[in-house]
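# Structural overview
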Amino acid sequence: MDYHSPASFAEASALAANATGITRFLAGGTDVLVQLRSELVAPDTLIDIKKINGVHDITRNADGSWTLGVAATGAEMSEHAELGKDWPGVVEAMDLIGSTQVQGRATLTGNLCNGSPAADSVPAMVAAGVTVTVTGPDGDRVVPVADIPTGPGKTSLTKGEVVSAVHIPARGDNGGDAYLRFIPRTEMDIAVVGVGVNLRLDGDTITEARVSLGAVAPTILLVEDCAKAIIGTTLDEDALDALATAASAACNPIDDKRGTIAFRTEVAGVLAKRAAKIAYARAKGENV
Amino acid sequence: MALDDRKSEFSFVGTRPDRPDGLDKVTGRAKFGADTSAPGMLHGAILRSPHAHARIIKIDTSKADAHKDVKAVVTRADFADVPFKPGLEGEFWNVLENVMAGDKALYDGHAVAAVAATSALAARDALKLIEVEYEVLPHVTDVDKAMAPDAPVIREGAADYSVPEGMHPNVVRYHESGHGDIEAGFAEADLVIEDSFVTEATHQGYIEPHACLGMLGNDGKGELWCTTQGHWIAQKTCAALLGIETSQLRVTASEIGGGFGGKTTVFIEPVALALSRKANRPVKVVMTRSEVFRATGPTSSASMDIKIGMKKDGTITGAQGIFRLQGGAFPGAPGDMTAMCGFAPYNLTNVHQVGYDVMANRPKQAAYRAPGAPMGAFAVESVIDELCNQLSLDPIDVRLKNAAYEGTKASYGPRYERIGLVETLEAAKAHPHYAAPLKPGQGRGVSCGFWFNHGGETSVSLALSEDGSAQLMVGTPDIGGSRASMALMAAEVLGIPYENIRVTIADTATLGYNDVSHGSRVTYASGLATIKAAHHAVDKLCERAAAKWGIPVDAVKWENGCAVPSGPNAGDFDPMPLADITADMGSTGGPISGHFEATPEGAGVSFGTHIVDAEVDPETGKTSITRYTVIQDAGKAIHPTYVEGQYQGGAAQGIGWALNEEYIYGDDGRLQNSIFLDYRIPVASDLPMIDTVIVEVPNPGHPFGVRGVGETGIVPPLAAIANAVSNAAGVRMRQLPMSPPRILAALKDNG
Amino acid sequence: MSKFHVSTTVNGDTVEYLCDPRETLLDCLRDKLNLTGAKEGCGTGDCGACSVTVDGRLVCSCLMLGVEADGKQVETVEGIAEGDILHPLQKKFIEYAALQCGICTPGILVAAKSLLEKNPNPTEEETRYWLAGNLCRCTGYDKIIRAVMDTAADLREAS
């Protein structure tokens, strides 16, 4: 296995474009090293992008939006009070991944590019409308997070392409987000179901909403029907029930060692309601 | 709470000093299995079957043999089936077959070949060069399916004499016991409940993977360093498998990073030695976590039918159990133990139990803390709880009404000596936990548990130094602080400070035979032997003092670390401290030592009662354990803090078994969750503090009253938690683990 | 396959080693530097027995390549005591019997020290979640949690 630590994303892209066999980028490495160790994936080329300038930066832009370097860790995000105030759901989703130790290494970008349908941060990013910059041999393009994973372990990135920055929109007024997942223990598990909710209010009424589901289909889902169920409502019981029904209806899960079809379908609705309540309270300015 | 107000006749026993190996273990310098190396050392790696059941047609190792970094490749042909010791049979043959497959791979993960290379990476890479041709055979992994007429046969002729005619060849041992008239008992009952229960296999989950360093030459002499609960059994087994003499193999036990029964046999050790013999260099083998799950010894899985009759006043009139245990591709599942333990806490007029040992295409089961008992207790105590619920009886009162006591004829035959079950139940009833109010959504569960405990072959040697300090050599690896207990017991007899005694786990070349650290036997048996060895030394100390004073030896007694004259013919001398006797022992008769070798028989059975509160989320089926109390009879707690630790650890492992831990096999017969991510043992945030009550009803079979405490703590939790969850959810849970999908499905079925 | 030359600092000492890029930091600590205090319990970042800090950040050394340690400051269990003076956590772990077999202890001490440096007054829940990535199979965590929280209390009192 060849190991490279390029100084720029253009160089990283060129290395990947010219490599033969299997190439992996190394950000936090919390998935790549496990795959390497278990010989699930035996990369021929490993490109460590952590030595590129600015990859740990978390920056609030003039318009209130955020730019995160691709090696910014979960721990660094959790320690950034302002980011957590704007996007608690995104930060909490990232924080749910693995242990304190894993938080010291794991990144949003790695979680995204691993392509797992159960990735915790991805539903939160999809709900928040996060985009990423992809650097490739033909230059940069900006892609919505939802368009990166294409199936379990698969992404839309082509040979030579590497994610080079993460963009979180400006929070704006009267907005709130939340992410909840179900795991059998209290920590250290892969999500059996994950739900991200991001919404905006006018007074008590929801005017905008994005609801995403994880671990219930081959990719993370952005569910229009869930958004429709709560837009225009004050998140009353009827709206919550409609939200749960829509969430369960959108599920296309599998039976596996972590959960059953029936369980995932049912719990997606339960968590959608719970996450929506938290997001709603946050949009109202409550500290939950 | 160790009944601290009781006046102690002991000076050292019952105190809580720092453990002697504490400093090593908090600084990182303690040497565990993988923490050693040797000059010229090679690294071994093992190739494992990806199939649950397959005939091995051919193994081609030529490409691996030719690789420049590879120094040895071994297959089954390199072990001592015939050439050295013809007729390897019984358990040795089973272990060999498990350590390296013969004609067939019998489970996913079964070893088929191994290499030794100049680095761990090179060894792993070289495995890919070995070509194995398999003929895949039909497989079975479920216990009930393995007993069905159409089940694939794992191995013809594996059954012993006990199995009734007409059973499937996968049923290899049968147990039946009991007394009274079971049908008459059920006829007497006001309510009879009959129900069926299932538990999945779990793994001991010790955090340290198996690791060893082996050296063996063509002269038949070898050295082995390994993480093990018993290095003499490792010595004996490895010698047999490699066709060498037992005494020519010296085995040293490393510090052991958890065992819980899983390190009572060998897996990689004979392989390392075979590789070493072939390469003529030391070979280190360390398992990956995935290998630990796939190819060491998990528990049995179980399928059980229970029928119990009860009168309205709570009297059990009849109890019957059928316990089917699947223990992998070899005989050994403890169906007999499950059957014998299930009803053991109760004084029953009519009881009948049957146990089956069933083979399936899974790894060979190994012991796990009170092997066989927890699953049986789960089934039996669940039915008792349901009877209590339906008859509106208090579950502790019912257990007290039926509890076994001194003289009770046990469900498995003999009459009990002095036991402490009633005392644990009374302590449970009096505990504030039992009276504490429950919140909505919470339920409380209670269960008793029983385990036999074990004595076993034991050797201990104690040597005094000139300066009056003592070195104690025991042969039972310290799996939970036993060096501290041994030093306390030796200090008690010798009358010298705890700190002046150095306890070493001796290697096989420096002490007589010792059984494995299992059966909750270490504090009991090595403790008893330590006390006797110390007395042996004290006898000699008294002889020397008597000689110095010129009085008969029977006029000298030992008190507070000194020889003192005693009796009318003794004369008047000042007490002579131990160090004054040892100071010149070289010239008064030579070195003073004590030793003791025996197979102590009085281990004394053990009982515990657990109380647990659980809260179930009705929308997701997720359970949290909100409060837990362990009450168990320790006989006499030598180091109470480490007794508490055993209770807490047993409860925590039981919580894992009850709620989340399970072996998950796919339709292809492959293990699907061979990493800690998906084999979900409890993490710190899953558990509450675990309260303990040490009941002390002295064991008449030990000089200080000790009963082993290591295993009983995992017997009640499965049932206690199942009862708590069932009471919280309002629906009886009959299958473990009670994972959220199972609880949610049960809630839905219940409307 | 060429190896990489790595210069790094471990417990304040400058060290160098050659490693295959597939070797983890844990492999390098144990096999090349003979620092066997960090243990491999799983190799997948699930057990925490290999916990170390790198530039002050708690990580699993099995989830980091040896080559990535170049130029970093690594702290392991072997560096917790100062000479013959044990860290208060080490003393308290012995006193409270917060270990039985001791295989998880190095990782838990490194993780607990990291917790107390960030949060001198952790609640029981915070302590339990911080240590959720450190599996212990022997103790049920009870005595570990008590030892960490009582050490924190002692340190607060002393400061």
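On a predicted model such as this, the values are computed, not experimentally measured, just so you know.

What counts and how
Residues numbered from 1 in each chain as written. Chains lettered and ligands numbered in written order. Predicted model: local features only at pLDDT ≥ 70, side-chain atom pairs only at ≥ 80, totals over all residues. Heavy atoms only, no water. Contact = heavy atoms within 4.5 Å. Buried area = accessible area lost by both parts, 1.4 Å probe. Salt bridge = Lys/Arg side-chain N within 4 Å of Asp/Glu carboxyl O. Polar contact = N/O pair within 3.5 Å; in protein donor to acceptor, adjacent residues only side chain to side chain. Helix = DSSP H or I, 4+ residues; strand = E, 2+ residues; numbered from the N terminus. 1 Å grid on protein atoms, 1.4 Å probe; cavity = no way out; pocket = protein on both sides within 12 Å on 5 of 7 lines; lining within 4 Å. Points joined across faces, edges and corners; volume = space filled by probe spheres on them. Buried < 20%, exposed > 50% of the residue type's maximum accessible area, 1.4 Å probe, protein only. Pairing = 2+ DSSP bridges. Axes fitted to C-alpha atoms, helices over the stretch in contact; angles between N-to-C directions. Domains from an automatic or database assignment. Nonpolar A, V, L, I, M, F, W, Y, C, P; charged D, E, K, R; others polar. Disulfide = S-S within 2.5 Å. Core = buried A, V, L, I, M, F, W, Y, C linked by side-chain atoms within 4.5 Å. Phe/Tyr/Trp six-rings, centres within 6.5 Å; stacked < 30°, edge-to-face > 60°. Lys NZ or Arg CZ within 6 Å of the ring centre and 35° of its normal.

### What to know about the interface of chain C and chain B
Interface size, as often reported, equals the accessible area lost upon joining of the parts. The partner chain B presents 53 residues to the 46 residues of chain C that form the contact. For the chain C and chain B pair, buried surface summed over both sides reaches about 4,000 Å², with 59% attributable to carbon and sulfur atoms. Inspection of the region where chain C meets chain B yields five salt bridges. A salt bridge links Asp35 of chain B to Arg30 of chain C; the nearest nitrogen and oxygen atoms lie 2.7 Å apart. Inspection of the region where chain C meets chain B yields 23 residue pairs in polar contact (both at pLDDT 80 or more). Secondary-structure elements contributing two or more residues to the side of chain C that touches chain B are α2 (88-95), α3 (105-118), α4 (124-130) and α5 (142-158) of chain C.

### Examining empty space enclosed by the protein
All names here are of chain B. Per the counting criterion, the structure on display carries six cavities of 30 Å³ or more. Approximately 50 Å³ is the volume found for the largest cavity. What lines the largest cavity is Ile46, Arg48, Asn98, Val99, Tyr107, Ala111, Phe267, Met287 and Ala295. Those elements giving two or more residues to the lining of the largest cavity turn out to be β1 (42-48) and α3 (90-99).

### Some details on helix α8 (residues 269-279) of chain B
Here α8 of chain B lies mainly inside the structure; ten of its eleven residues are buried. For α8 of chain B, every residue scored as buried is listed here: Glu269, Pro270, Val271, Ala272, Leu273, Ala274, Leu275, Ser276, Arg277 and Ala279 of chain B.

### Observations concerning the sheet that holds strand β3 (residues 51-54) of chain C
Residues and elements named next belong to chain C. Reading across from one edge, β2-β1-β5-β3-β4 is the order of the five strands in this open sheet, with mixed pairing throughout. The strands lining the two open edges of the sheet, one partner per strand, are β2 (13-19) and β4 (57-60). The sheet shows a mean angle of 40° between the axes of neighbouring strands, direction not considered. For strand β1 (residues 4-10) and β2, the ladder comprises seven bridges, and the chain directions are antiparallel. When the bridges of β2 are listed, Thr8 appears paired with Val15. Sitting on the sheet, helix α1 (residues 25-32) touches β1, β2, β3 and β5 (73-75), and the angle it makes with β2 is about 105°.

### Focus: the domain arrangement of chain C
Residue and element names in this part refer to chain C. Domain assignment breaks chain C into domain 1 (4-79) and domain 2 (88-158). With 14 residues of domain 1 in contact, the opposing surface of domain 2 contributes twelve residues. Of the roughly 980 Å² buried where domain 1 meets domain 2, counting both sides, 63% is carbon and sulfur surface. Taken together, the links from domain 1 to domain 2 amount to zero salt bridges. Counting across the interface, domain 1 meets domain 2 through three residue pairs in polar contact (both at pLDDT 80 or more). Residue contributions to the side of domain 1 that touches domain 2 peak at three residues, all from β3.

### Focus on the interface of chain B and chain A
At the interface, 22 residues of chain B touch 20 residues of chain A. Between chain B and chain A the total buried area reaches about 2,000 Å² when both faces are included, carbon and sulfur atoms providing 52% of it. Our enumeration of links across chain B and chain A arrives at eight salt bridges. Linking Glu39 of chain A and Arg124 of chain B is a salt bridge whose minimum nitrogen-to-oxygen distance equals 3.6 Å. There are 13 residue pairs in polar contact (both at pLDDT 80 or more) connecting chain B and chain A. Counting residues per element, the side of chain B that touches chain A draws most heavily on helix α20 (residues 740-749) of chain B, which supplies four residues. Counted by class, the side of chain B that touches chain A contains eight nonpolar, five polar and nine charged residues.

### Things to note about the state of the cysteines
Residue and element names in this part refer to chain C. Evaluation of the coordinates by the stated rule reveals zero disulfides over all chains. Of the cysteine sulfurs around Cys101, a residue in no disulfide, the closest is that of Cys138, at 3.8 Å. Owing to a relative accessible area of 3%, Cys101 belongs among the buried residues under this scheme. Free of any disulfide, Cys104 has its nearest cysteine sulfur in Cys136, 3.9 Å distant.

### Thoughts on the nonpolar core
Grouped together as the largest cluster of nonpolar side chains are 221 residues, with contacts concentrated most on Ile308, Tyr416, Ile721 and Met738 of chain B together with Phe93 of chain C. Considering each element in turn, this core owes the most residues, eleven residues, to helix α11 (residues 373-391) of chain B.

### A word on the sheet that holds strand β7 (residues 171-179) of chain B
All names here are of chain B. In space, the five strands of this open sheet follow the order β7-β15-β14-β13-β8, with mixed pairing throughout. Each end of this open sheet is capped by a strand with a single partner; those strands are β7 and β8 (191-199). Averaged over all adjacent pairs, the angle separating strand axes in this sheet is 5°, with direction ignored. For strand β13 (residues 301-310) and strand β14 (residues 316-326), the ladder comprises ten bridges, and the chain directions are antiparallel. Within β14, the residue paired with Met304 across the bridge is Phe323.

### A look at the pattern of salt bridges
Scanning the entire structure with this criterion turns up 73 salt bridges over all chains. A salt bridge links Lys748 of chain B to Glu266 of chain A; its shortest N-O distance comes to 3.0 Å. Pair noted here: Lys748 of chain B is in helix α20 and Glu266 of chain A is in helix α11 (residues 261-283), and the two residues belong to different chains. What emerges from the salt-bridge pattern is a single network uniting Glu39 of chain A, Arg124, Asp125 and Lys128 of chain B together with Asp20 and Arg22 of chain C.

### Overview of the side chain of Lys50 of chain A
One can find Lys50 of chain A in the loop between β3 (45-48) and β4 (58-60). Among the polar contacts listed, one links the side chain of Lys50 of chain A to the backbone oxygen of Ala27 of chain A, at a separation of 2.7 Å. Those residues in contact with Lys50 of chain A, other than ones at most four positions away along the chain, are Leu26, Ala27, Val55, Ala71 and Arg105 of chain A together with Glu68 of chain C.

### With respect to the packing of aromatic side chains
Residues and elements named next belong to chain B. Applying the stated criterion to the full structure yields 20 aromatic pairs over all chains. Seen in terms of ring centroids, Phe293 and Tyr663 are 6.4 Å apart; in terms of plane orientation they differ by 65°. Their pairing is edge-to-face. Residue Phe293 is found in helix α9 (residues 289-295), and its partner Tyr663 is found in the loop between α18 (640-659) and β26 (690-695); the two are separated by 370 residues along the sequence. Each member of the pair, Phe293 as well as Tyr663, is classed as buried. Each ring, one from Tyr663 and one from Tyr679, has its centre 6.1 Å from the other, and the planes form 80°; the classification is edge-to-face. Of the two residues, Tyr663 is situated in the loop between α18 and β26 and Tyr679 in the loop between α18 and β26; the sequence distance between them amounts to 16 residues. According to the relative accessible area criterion, Tyr663 is buried, its value standing at 2%. A relative accessible area of 1% places Tyr679 in the buried class. Note that Lys31 overlies the ring of Trp225, its terminal NZ or CZ placed 5.7 Å from the centroid.

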